[in-house]
Every structure is written in structure tokens, then in C-alpha cells.
Amino acid sequence: MPRICEFFGIIISMYYNDHSPPYFHAIYNRHEAKIGIETLELLEGKLPQRVLSMVLEWGFQYRNELRKNWNLARDGKPLI
């Protein structure tokens, strides 16, 4: 699972074989969630509220990069 970013102990990643809709994984301690790139909604899983807020803010700021990474992953290329 390629890591895209890590901050405050939160790991942001994508799998090469993830299915649509486009999303990323946010992992914090024993919690994991899938967050939609376009909607920034929690699709699956659970994070502590404080962590979820930080992840959503980060996702808003880096949405274009997340879109690019999603397309790279679909093509089996290294993520940025």
C-alpha cells in the first residue's frame, strides 16, 4: 500500500487495485477509514473525530494531487 503522506501519526495511502468511486485510505493507530476524493465524505470505517477533521481538511487542500494519484494508480504507475 503506497503511502502518499503522513502527518500527526495519520497515514494517507491508496491501493493500486482500489475500485471506484475514487477514494483514499486514512489510517490512525488501529482505526482506518476510506474517504471519497470528490465528496470528502467518509465512505467506510471510522476515525476519531479530531483525526477525521484533520484528514478532511488535508483532503480538501490536496484534492488535485489525490486525483492525479488515483489516475496513476489505475495505470499501475508510481504515486507522487
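Refer to the structure above for everything that follows.
Residues numbered from 1 in each chain as written. Predicted model: local features only at pLDDT ≥ 70, side-chain atom pairs only at ≥ 80, totals over all residues. Heavy atoms only, no water.

Novice: Can you help me understand the overall build of the chain in this one?
Specialist: Summing up its helical and strand segments, the chain has two helices and five strands in all. Secondary structure elements of the chain, listed N to C terminal, follow the sequence β-β-β-β-β-α-α. Since a compact globule built from 80 residues should have a radius of gyration of about 12 Å, the 11 Å found for the chain is in line with a globular shape. Each principal axis of the C-alpha atoms in the chain carries an extent, and together these give about 35 × 20 × 20 Å. (Helix = DSSP H or I, 4+ residues; strand = E, 2+ residues; numbered from the N terminus. Rg over C-alpha atoms; globule rule 2.2 N^0.38 Å.)

Novice: I'm lost on the nonpolar core in this one. Help?
Specialist: Nonpolar side chains tend toward joint burial in soluble globular proteins. One finds I12, M14, F24, L47 and V55 to be the most contacted residues of the largest nonpolar core, which totals 22 residues. Only β1 (3-7), β2 (10-13), β3 (23-28), β4 (31-36), α1 (49-61) and α2 (63-74) provide two or more residues apiece to this core. Filtering out sequence-adjacent residues up to four positions away, M14 remains in contact with M1, P2, I4, Y23, F24, H25, I37, L66, N69, W70 and L79. (Core = buried A, V, L, I, M, F, W, Y, C linked by side-chain atoms within 4.5 Å. Buried < 20%, exposed > 50% of the residue type's maximum accessible area, 1.4 Å probe, protein only. Contact = heavy atoms within 4.5 Å.)

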